[in-house]
Protein chains: 4
Amino acid sequence: MKQPVAILGASGYTGGELARILANHPHVEVVYASSERFAGKPWNAIYPHLGRAGSLILSAMDADAAADAAQIVFCALPHKTSMSVVPRLLERGCTVIDLSADFRLKSAATYEEWYETPHIAPQLLAEAVYGLPELYREQIRGQKLIACPGCYPTSVIVPLYPLVKAGAIEAEGIIADCKSGVSGAGRSPSQGVMLSELNEGFKAYKVGKHRHTAEMEQALSEAAGRELTVRFTPHLLPQSRGILSTCYVKPIGEGDAEAARELLRQAYADEPFVDILPAGVNPATSDVRGANGVRISVDMDHRTGWMLVISVIDNLVKGSSGQATQNLNLAMGWEETTGLETVALFP
Amino acid sequence: MKQPVAILGASGYTGGELARILANHPHVEVVYASSERFAGKPWNAIYPHLGRAGSLILSAMDADAAADAAQIVFCALPHKTSMSVVPRLLERGCTVIDLSADFRLKSAATYEEWYETPHIAPQLLAEAVYGLPELYREQIRGQKLIACPGCYPTSVIVPLYPLVKAGAIEAEGIIADCKSGVSGAGRSPSQGVMLSELNEGFKAYKVGKHRHTAEMEQALSEAAGRELTVRFTPHLLPQSRGILSTCYVKPIGEGDAEAARELLRQAYADEPFVDILPAGVNPATSDVRGANGVRISVDMDHRTGWMLVISVIDNLVKGSSGQATQNLNLAMGWEETTGLETVALFP
Amino acid sequence: MKQPVAILGASGYTGGELARILANHPHVEVVYASSERFAGKPWNAIYPHLGRAGSLILSAMDADAAADAAQIVFCALPHKTSMSVVPRLLERGCTVIDLSADFRLKSAATYEEWYETPHIAPQLLAEAVYGLPELYREQIRGQKLIACPGCYPTSVIVPLYPLVKAGAIEAEGIIADCKSGVSGAGRSPSQGVMLSELNEGFKAYKVGKHRHTAEMEQALSEAAGRELTVRFTPHLLPQSRGILSTCYVKPIGEGDAEAARELLRQAYADEPFVDILPAGVNPATSDVRGANGVRISVDMDHRTGWMLVISVIDNLVKGSSGQATQNLNLAMGWEETTGLETVALFP
Amino acid sequence: MKQPVAILGASGYTGGELARILANHPHVEVVYASSERFAGKPWNAIYPHLGRAGSLILSAMDADAAADAAQIVFCALPHKTSMSVVPRLLERGCTVIDLSADFRLKSAATYEEWYETPHIAPQLLAEAVYGLPELYREQIRGQKLIACPGCYPTSVIVPLYPLVKAGAIEAEGIIADCKSGVSGAGRSPSQGVMLSELNEGFKAYKVGKHRHTAEMEQALSEAAGRELTVRFTPHLLPQSRGILSTCYVKPIGEGDAEAARELLRQAYADEPFVDILPAGVNPATSDVRGANGVRISVDMDHRTGWMLVISVIDNLVKGSSGQATQNLNLAMGWEETTGLETVALFP
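Residues numbered from 1 in each chain as written. Chains lettered and ligands numbered in written order. Predicted model: local features only at pLDDT ≥ 70, side-chain atom pairs only at ≥ 80, totals over all residues. Heavy atoms only, no water.

Peer 1: How should I be thinking about the environment of Gly-167 of chain D in this particular structure?
Peer 2: Tracing the sequence through the fold places Gly-167 of chain D in the loop between α7 (151–165) and β7 (174–180). In this structure, the C-alpha to C-alpha distance between Gly-167 of chain D and Pro-251 of chain D, residues 84 residues apart in sequence, is 8.8 Å. (Helix = DSSP H or I, 4+ residues; strand = E, 2+ residues; numbered from the N terminus.)

Quick look at the structure:
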C-alpha cells in the first residue's frame with residue numbers, strides 16, 4: 001500500500017518537480033498539495049505537463065489538514081514561510097522534508113545575518129539534519145526534520161568536501177564560479193527572467209551577496225575542522241535547468257589531478273548518483289538534465305598552480321526535488337534510489 | 001527474465017532516445033547496439049547523459065550478429081540503409097521495429113517518387129504494419145515488421161483521422177502548418193542546425209517537398225475512403241524537441257467545435273496517451289517534453305469558416321522512440337504503457 | 001540643426017528601440033522621454049544597452065511638457081492611453097507618430113468590438129493615416145497624425161495587398177499562420193514570457209481572438225474592394241525578435257508562382273525595404289534582425305492548389321519603431337531611409 | 001571618395017560581421033572578398049542578412065588580386081593561412097589588418113608552443129602591432145601590419161591591464177573564468193555547436209589548453225614588468241554572441257573597490273568604447289550586443305579577500321570585426337569611432 005504524502009507549496013517549480021518525480025515512486029501517493037494562489041484548481045491546470053498525473057485539487061495551505069492527510073510532508077515553501085509551519089507539522093508527528101533554507105544553517109545568528117530576518121524556530125536547528133545523503137546518510141535515516149541543501153551548495157559541497165576533509169586542498173581562498181539555469185529563480189515572473197532579457201543576456205547577479213554562501217561555508221568548514229570562507233559568484237544562464245560550478249582551489253602538495261580524482265572516487269565509491277569523470281572529460285549540464293546525478297571533473301594547471309574542480313547537477317533534481325526524494329527514501333528506510341532511476345533527458 | 005534487444009543505429013538521436021526509454025523498461029535489456037562511426041566505444045562516450053545505463057560497447061552493424069544476440073531488433077537507421085538490412089533480420093526470425101521511412105508507405109511507386117530511390121524490398125510492404133497504435137492496434141499485436149510513423153505524420157494523423165473518417169471535415173484542402181524542434185533533423189552537424197544560425201532564426205524549410213507528406217496523405221486517404229492531398233509546411237523552431245502542428249480544416253455542417261472535440265474524445269476514449277483539451281486551452285510543446293503524449297485542441301472560427309486543430313507531441317518520443325516502444329509492447333503482448341509512464345519534464 | 005523629438009512611453013521595448021534607432025538619425029534629437037514607473041531615472045538605467053546614448057532623464061508623462069519640448073512626438077504607449085493624450089498633442093500643433101492601436105482602424109465600432117472599450121477620440125479616425133509607407137506613402141507626407149501598423153498586420157498586408165488588389169488570389173479563405181518572437185508581448189513580466197516557460201515551449205495563443213485581425217481585414221478589404229475575413233493565428237516563438245508569417249491563399253487562374261513574384265516585384269520595384277526572394281529561397285527571421293526589411297517568398301503547390309506566401313520582419317523595427325521612423329522621415333520630408341540604413345545583425 | 005578594401009575570408013562569422021560594419025562606414029567600400037568554398041556566389045547568398053549590401057561576388061583567394069583591387073586588406077582567415085599570405089600583401093604595399101592569431105604573439109617560440117606549428121613569417125612579429133587601441137593607440141596609427149587581439153584576451157586585458165600596471169593587484173594567481181557565445185567557434189558545423197547539443201548544455205571546454213592564454217599573459221606580463229601566468233577557463237554559452245569574463249584577482253593593499261574603479265576610470269577617461277560601471281551594477285552580454293563597447297564592473301569581497309572584475313564585450317565586434325574597424329580608422333588617420341557609433345541591439 002502506498003503511503004500518503006502532502007506537498008506544501010505545490011505551484012513553484014520545486015513543487016511541480018516533486019509531482020513529476022513522485023508520480024513514478026512506487027511507495028507514495030500525493031494526497032494533499034497546497035497553493036495559496038491556485039487553491040481549488042487541479043494541479044495540472046497550472047502544470048499541464050503533469051497530465052493525468054496532476055488531477056489532484058490544490059488546497060489553501062493548512063498544516064493540520066496536511067497532517068491529517070499524510071504523515072510525510074514536503075515543504076516546498078519560500079524561506080520564512082517554512083519555519084512558520086514546520087513546528088506544527090512536527091508536533092503532529094509528521095516526517096518533514098523541507099526544501100527551503102530555514103533549517104539548513106546550524107546557527108540562528110548566521111541565518112539572521114544572511115536572510116535578514118530572525119529565526120522563529122531556533123530550537124529546531126540542532127535537531128534538523130542537513131539532507132545531503134552523500135555526507136550525512138546515517139543521520140538522515142529515520143529523521144523527522146530534514147533540511148534539503150540549496151542547489152548551488154549541493155554543486156559545490158559534493159565535489160569539494162572530500163578534498164578539504166582529506167587536506168588535499170587549501171581551506172583558504174576557495175572560489176566557486178557558478179552558472180545556473182533560470183528555473184532556479186522560481187516561477188514568479190520578474191523582468192530578469194524574461195526570455196527577451198536573458199536569451200542573449202548572460203550575467204552575474206547578487207555578486208558577493210548570495211545567501212547560499214553560508215551553506216557552502218558551513219559544510220566546508222566542518223570538513224576543514226575550522227572556519228573558512230568561500231568566494232561564490234552566481235551567474236544566470238539562458239537555459240531552463242542545470243548548474244555548472246567551476247571551482248578554483250589550491251592543492252596541498254604537488255597537485256596531482258589523478259590523485260584528487262582517486263580520492264573522490266574512493267569517497268563516493270558506493271554512491272549511486274555521483275560520478276567522477278576520467279581525465280580529459282568535462283561535464284555539461286545536459287548530462288544530468290532531469291536526473292539526480294552529480295558529475296565531477298578535476299584538472300590541474302601546473303603553470304598557474306590552480307586546480308579546477310567542475311561539477312554539474314540539475315538544479316531542480318539533485319539541487320532540490322530529487323534530493324528531497326532521496327532523503328524521503330532514507331528517512332523511510334526504502335531503497336535510496338527509488339523513483340530516481342530515470343536516465344537524463346537529452347537532447 | 002529480460003528479453004534481449006538489439007538497436008541498429010545507436011548513435012543518432014532516436015537511438016539515444018531508445019537507450020533512455022528502454023533503460024527503464026522492465027521486460028527488455030539492450031544487449032547489442034551498432035554504430036559505424038563509434039564502434040568499439042561505449043555508448044555513453046557519445047551520449048554522456050546515459051551515464052551508467054550506457055556502458056554497452058557499440059558494434060559495427062552486422063545483421064546476423066544482432067539476430068544472434070536478440071530476437072527483437074529496433075532499426076533506427078537512415079532510410080535506404082534500413083531496407084537493406086530488414087529482410088535478413090526477418091529471415092532470422094526477428095521481430096523488427098523499424099523507425100525509418102522504408103516500410104511506411106504501401107506503394108513502392110509512391111516511395112520511389114518521394115524518396116527518389118527504388119525500393120529494394122517491395123515484397124515486404126504489404127506485410128509491414130504502420131505502427132500507429134491508436135489506429136492500427138490490432139494489426140500490430142504479434143507483428144514481425146512494424147514501420148513506425150514519421151514524427152510530423154504522427155502529429156497530423158492522430159488529430160485528423162477520426163474527423164475525416166466521420167465525415168466531420170472536408171477531405172479537400174487540408175493544411176498542416178507544422179513547427180518542429182531541431183532534434184528532428186538528427187545529430188549530423190550541418191550549418192542549418194547550428195545554434196548561432198537558429199537561435200533567432202526561425203524559418204520554413206523543404207516547402208512543398210517534405211517526404212512526410214506522403215504518409216499523411218496515405219493515412220488520411222484511407223480515412224476518407226478516397227485519395228486526398230495535404231498541404232504540409234514544416235518549420236524549424238529554435239528549440240531541441242517538440243512538434244506543434246496547426247491544422248486548418250473545413251467543417252462539414254455547422255462546424256461545432258465541441259462536437260468535433262466530442263468525436264475525438266470518443267475515438268480516443270481508452271487511449272492512454274491521447275488527450276483532447278477543453279475549449280479555450282491550447283497545447284504547448286513543453287506539455288509533452290520527454291513523454292509519449294499527444295495533446296489536441298479544437299477551435300472554430302465562424303467568421304472565416306476555418307476550424308483549427310492543434311496538436312503537440314515530442315518528436316523523439318511519440319514521434320519516434322516512444323512510439324517504437326509502444327509498438328514493442330503491443331508486438332510482445334505486454335502492457336502497452338510499459339516503460340512509457342514517465343511524466344513530461346518541465347521546465 | 002537637429003529637430004527635437006519627444007517619446008511618450010520610453011520604458012517599453014518599442015520606446016527602447018526608438019532610442020536605439022534615433023540615436024543614429026542625423027536630423028533629430030530626443031529631448032523628452034516619459035515613463036510613469038521610472039520617472040527621474042536616466043534612460044540607460046533601465047536600458048543599459050543604450051550606454052552613453054541613453055543619458056536623458058525620464059519624465060512622468062505630461063503632454064504639454066512634451067509639446068513644449070518638441071513638435072514631433074512618438075507615442076509608444078499602450079492602446080487607450082494613447083487616445084487619451086493624442087488630441088492634446090494635435091491641439092498643440094505636434095506631428096504625432098502613434099505606435100499604439102488607437103488610430104489604426106477607420107471605424108470606431110470595429111475598434112470597440114475588438115478592443116472592448118469605446119473610442120474616446122473618434123473624430124480623429126478619419127484624419128489619421130495608416131502608416132504603411134509601401135501602400136500609403138503619399139498620404140503620409142506632411143501628415144500630423146500617423147497610426148503605425150501593428151507588427152503582425154505589417155507582415156501580412158505587405159505581401160498580400162498587391163496580390164489581392166490585382167485579383168491574383170481569392171479574397172475568401174485567406175489564412176495567416178504567424179509566429180512571433182516574444183518581445184512582441186512587451187516588457188511587462190508575466191509567466192507566459194519567462195525563459196523557463198518558453199525555452200522549449202512553443203505554442204499558439206489568443207486563437208481566433210487576436211486584435212490584429214481587424215487591421216489585416218481592413219487593409220485587405222480595401223485591396224479587394226469588398227469585405228473579406230482573414231484567419232489569423234499567432235504563435236509565440238522561443239526567441240526575442242522576428243515575425244514569420246506563413247500565408248495560405250488560393251490563386252485565381254493557374255497559380256503561377258513566378259507570375260505572383262513578378263507582380264510583387266513590380267508593386268515594390270522602388271521600395272528600399274521590401275525584397276521578393278527568388279524561387280527556392282525562403283526567408284528566416286534572422287535575415288532582418290534589427291533592420292527595417294521585409295522579405296517575401298512565394299511557392300505554389302499544384303498538388304493541393306494552395307499558394308504559400310511567406311514573409312519575415314523584425315517586429316520591433318519594421319513591425320514598430322523602424323516603421324515609425326520611416327513615417328517620421330516621410331512626414332518631415334526627409335529621405336525615407338534616413339536612420340534605417342543599418343544592415344541586419346547576424347548571427 | 002571611398003577607399004577600396006579587400007576582405008580575405010569572407011564566409012566566416014568575422015568576415016560577415018566586417019561586411020555588416022563596413023556597409024555603414026563612410027570612408028571605405030569593400031571591392032574584393034574571398035571564399036574558397038563559395039567563390040562565384042554573391043556574398044548575400046551565404047549571408048542573407050546582408051541583403052542589398054551583400055551583392056559583391058566572392059572570389060577564390062588570391063593575394064595579388066586583392067592587392068590589385070585594394071590597398072587595405074582585412075585577413076579574416078584561420079591562423080596558419082593568414083601568415084602564408086600576409087607577407088605578400090605587405091610586399092605589395094598593403095595595410096594589413098589581421099584578425100587571425102598569427103601575428104599577435106611577439107615570440108615565435110610561444111606561438112609554436114600554443115599553436116603547435118612553426119611560424120613561417122617570424123621576421124614580421126617584431127613589426128606587427130597588437131591592435132588593442134586602448135593600450136597601443138599610438139603604435140597603431142599609420143601601421144602597416146596590425147594583429148587584432150583575440151576575443152577572450154580583449155575581454156580580460158582591457159579590465160586588468162591598468163590594475164596590474166598600477167600595482168593595484170597581485171600579478172600572481174589571476175583567474176579569468178570566461179563564458180562565450182557560440183559564434184566564437186566560427187561557422188563550420190560541428191556537433192558541439194548544434195542547437196540540440198547546446199540549448200540546455202552549458203559546459204567548459206579546452207580546459208587549461210586554450211590558445212588565448214598566451215595573449216593574455218603576454219599583455220599582462222608587459223603591464224607587470226615581469227612574466228606572469230593567467231588561469232583562463234573558457235565556457236560555451238547557449239547564446240550566439242557575447243563574452244562575459246569573471247576575473248578573480250588579489251588586491252594589493254586594502255582592496256578598495258571604488259579606488260580600483262577610479263583607477264580604471266582614469267585609465268580610460270577618454271576612451272569612446274570603455275565604460276566603468278558604478279558600484280552595485282554588473283554588466284550583461286546583452287548590454288553590448290552588436291556594439292563595440294567594453295563594460296567593466298569591480299566588486300570587492302572583504303570576507304574572502306578576492307576582488308572581482310567582470311567585463312562584457314560582443315565577441316564579434318569589440319572581440320574581432322569591430323576592433324578591426326577601430327584599427328582601420330587609426331591606421332588611416334580617420335576618426336576612431338567611424339562606422340562604430342551604432343547602439344547595441346536589445347532585446
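Peer 1: Just to check I follow, could you spell out the pairing of strand β1 (residues 3–8) of chain C for this structure?
Peer 2: It is a general feature of regular strands that their side chains alternate between the two faces of the sheet. Residues and elements named next belong to chain C. Here six bridges tie β1 to strand β2 (residues 28–34), and the two strands are oriented parallel to one another. By the bridge assignment for β2, Gln-3 is matched with Val-28. Taken together, β1, helix α1 (residues 13–22) and β2 constitute a β-α-β crossover, and its handedness is right-handed. Two strands pair when backbone bridges link them, and β1 and strand β3 (residues 72–75) are joined in this way by four bridges, in the parallel orientation. In the sheet register, Leu-8 faces β3, and the bridge partner there is Cys-75. (Pairing = 2+ DSSP bridges. Right-handed = clockwise from strand over helix to strand, strands pointing away.)

Peer 1: Looking at this structure, how should I read the interface of chain D and chain A?
Peer 2: It is common to report an interface's size as the accessible area lost on association of the parts. Counting from both sides, the interface comprises 46 residues of chain D and, opposite them, 46 residues of chain A. Taken as a group, Glu-200, Phe-202 and Arg-303 of chain D account for 20% of the area that chain D buries against chain A, more than any other trio of residues on that side. Our count for the contact surface shared by chain D and chain A stands at eight salt bridges. Across the pair Asp-177 of chain A and Lys-179 of chain D runs a salt bridge whose closest N-O atoms are separated by 2.9 Å. Of all the secondary structure elements, the ones that give two or more residues to the side of chain D that touches chain A are β7, α8 (195–198), β8 (203–204), α9 (212–224), β9 (230–236), β10 (243–249), β12 (294–301) and β13 (306–313) of chain D. (Contact = heavy atoms within 4.5 Å. Buried area = accessible area lost by both parts, 1.4 Å probe. Salt bridge = Lys/Arg side-chain N within 4 Å of Asp/Glu carboxyl O.)

Peer 1: It is not clear to me how the sheet that holds strand β5 (residues 129–130) of chain C should be interpreted in this structure. Could you clarify?
Peer 2: Pairing between sheet strands relies on hydrogen bonds along the backbone, with the strands arranged either parallel or antiparallel. Residues and elements named next belong to chain C. What the six strands build is an open sheet, ordered β2-β1-β3-β4-β6-β5; its pairing is parallel. The sheet is open, and its two borders are formed by β2 and β5, each paired with just one other strand. Relative to the sheet, helix α4 (residues 81–91) contacts β1, β3, β4 (95–98) and β6 (145–147), its axis offset from that of β3 by approximately 175 degrees. (Axes fitted to C-alpha atoms, helices over the stretch in contact; angles between N-to-C directions.)

Peer 1: I keep staring at the UniProt feature "active site" (unreviewed entry) in chain A and nothing clicks. Help me out?
Peer 2: Residue and element names in this part refer to chain A. In the numbering used here, UniProt assigns the feature "active site" (unreviewed entry) to Cys-151. If you trace the backbone, Cys-151 turns up in helix α7 (residues 151–165). By relative accessible area, which is 13% here, Cys-151 ends up buried. Not counting residues up to four positions away in its chain, the partners in contact with Cys-151 are His-212, Ile-243, Ile-313, Asn-315 and Gly-319. (UniProt positions renumbered as here; feature names shortened; annotations may be inferred. Buried < 20%, exposed > 50% of the residue type's maximum accessible area, 1.4 Å probe, protein only.)

Peer 1: Can you walk me through empty space enclosed by the protein in this structure?
Peer 2: A water-sized probe rolled over the atoms picks out the places where empty space is left. If you walk through the whole model with that rule in mind, you get eight cavities of 30 Å³ or more. In this model, the largest cavity occupies a volume close to 210 Å³. Lining the largest cavity are 19 residues; nearest its centre among them are Thr-342 and Val-343 of chain C together with Arg-20, Gly-290 and Thr-342 of chain D. The class makeup of the residues in the lining of the largest cavity is eight nonpolar, seven polar and four charged. (1 Å grid on protein atoms, 1.4 Å probe; cavity = no way out; pocket = protein on both sides within 12 Å on 5 of 7 lines; lining within 4 Å. Points joined across faces, edges and corners; volume = space filled by probe spheres on them. Nonpolar A, V, L, I, M, F, W, Y, C, P; charged D, E, K, R; others polar.)

Peer 1: Explanation requested: the domain arrangement of chain A in the structure shown.
Peer 2: Residue and element names in this part refer to chain A. Splitting chain A by domain gives domain 1 (3–127) and domain 2 (152–315). A separation of 27 Å is found between the C-alpha centroids of domain 1 and domain 2. Taken together, the two surfaces of domain 1 and domain 2 that pack against each other cover about 1,200 Å², and 49% of this comes from carbon and sulfur. Taken as a group, Tyr-13, Arg-104 and Trp-114 account for 49% of the area that domain 1 buries against domain 2, more than any other trio of residues on that side. Joining domain 1 to domain 2, the criterion identifies three salt bridges. The partner of Glu-116 in a salt bridge is Arg-211, and the shortest N-O contact between them spans 3.8 Å. Remark: the boundary between domain 1 and domain 2 carries eight residue pairs in polar contact (both at pLDDT 80 or more). Those elements that place two or more of their residues in the side of domain 1 that touches domain 2 are α1 (13–22) and α5 (108–115). (Domains from an automatic or database assignment. Polar contact = N/O pair within 3.5 Å; in protein donor to acceptor, adjacent residues only side chain to side chain.)

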